[in-house]
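# Notes for the structure review
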Amino acid sequence: MKAIILLGAPGAGKGTLAERVRTATPYQHVSTGDMLRAAVKAATPTGLDAKGYMERGELVPDEVILRIIEERLASGAPEDAYMFDGFPRTIAQAKALDAMLARLGGAIGQVFVLDVPNDTIVKRLSGRRICRGCGAVYNLAAIPPKVPGVCDHCGGNDLYQRPDDTEATVLNRLDVYEKQTAALIDYYREKGVLVRVDASTTPEAAAEDMLSKLR
Ligand code: AMP
């Protein structure tokens, strides 16, 4: 089993990048944020556990995250390849992932860190809008829909803001990233698997940079 990781602050563009490169690579996109939002919407036990943490912009406890990742990997085949987005987010999660992959005869190939200046991150998060119909992600400043309020992909007209993209929660999420997740950059640098991607301009440029470095 092969795995790569997309690492970066909230708003760096991990999900957008993953969707852009997905068809050009063998990797399945695994986003713990998307899985948790689906669980909250369906009001499953995991969703009920996770909801409050997500609303406050805090990390969901490691054991909840590791359970959903284990279930996701167990539902796949041994030859599957994964692109993790938003996971791991703590050193404990990274170590648990190493152990899981070792058990499954796999390893982490590369860890792509998305470099984006802080002021750009805040602008991206406050302008992010998502299509309720198909999940397409827009940014009112940088990647607006062609017709205001209407999804380019499915024509739906309900573009909403994630509840955790409001200002107070965004600041908390950035703080959580600095305190708990940024340490993963050193963790993976020491393992010699870290690759930097310039994600400061357009999704196209970030995808091109990542694909040129993907081995
Ligand atoms: P994201 O869509 O990746 O920004 O995640 C949204 C929210 O889901 C985060 O602010 C956390 O509350 C929670 N979350 C997602 N992935 C993880 C993870 N690996 N560890 C802990 N919490 C997570």
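Structure: above.
Residues numbered from 1 in each chain as written. Predicted model: local features only at pLDDT ≥ 70, side-chain atom pairs only at ≥ 80, totals over all residues. Heavy atoms only, no water.

## Topic: the overall build of the protein chain
Check the secondary structure of the protein chain and you find nine helices and eight strands. Computed over C-alpha atoms, the radius of gyration of the protein chain comes to 17 Å, within 12% of the 17 Å expected from 2.2 N^0.38 for 215 residues, which places it in the range of a compact globule. For the C-alpha atoms alone, the extent of the protein chain along its principal axes is close to 50 × 40 × 35 Å. Per-residue burial for the protein chain yields a buried fraction of 46% across its 215 residues. Restricting to contacts in the protein chain with at least 6 residues of sequence separation, those with at least 24 account for 70%. Accessible area for the protein chain stands at about 10,700 Å²; split by element, carbon and sulfur atoms hold 54% of it. (Helix = DSSP H or I, 4+ residues; strand = E, 2+ residues; numbered from the N terminus. Rg over C-alpha atoms; globule rule 2.2 N^0.38 Å. Buried < 20%, exposed > 50% of the residue type's maximum accessible area, 1.4 Å probe, protein only. Contact = heavy atoms within 4.5 Å. Areas by Shrake-Rupley, 256 points an atom, 1.4 Å probe, with all protein chains shown as cover.)

## What about the packing of aromatic side chains?
This model, assessed by the stated rule, comprises three aromatic pairs. Between Phe84 and Phe87, the ring centres sit 5.5 Å apart and the planes meet at 70°, which makes this aromatic pair edge-to-face. The buried category is assigned to Phe87, whose relative accessible area is 0%. In this structure an aromatic cluster arises from ring pairing among Tyr82, Phe84 and Phe87. Between the NZ or CZ atom of Arg56 and the centre of the ring of Tyr53, over which it lies, the distance is 5.4 Å. The side chain of Arg132 reaches across the aromatic face of Tyr160, ending 4.0 Å from its centre. (Phe/Tyr/Trp six-rings, centres within 6.5 Å; stacked < 30°, edge-to-face > 60°. Lys NZ or Arg CZ within 6 Å of the ring centre and 35° of its normal.)

## Overview of the sheet that holds strand E6 (residues 137-139)
Reading across from one edge, E6-E5-E7 is the order of the three strands in this open sheet, with antiparallel pairing throughout. Of all strands in the sheet, those bounded by a partner on one side alone are E6 and strand E7 (159-160). Relative to E7, strand E5 (residues 128-131) runs antiparallel, the two being bridged by two bridges. Within the sheet, the bridge partner assigned to Ile130 lies in E7 and is Tyr160. Contacts from helix H6 (residues 118-127) reach E5 and E6, with the element oriented near 35° to E5. (Pairing = 2+ DSSP bridges. Axes fitted to C-alpha atoms, helices over the stretch in contact; angles between N-to-C directions.)

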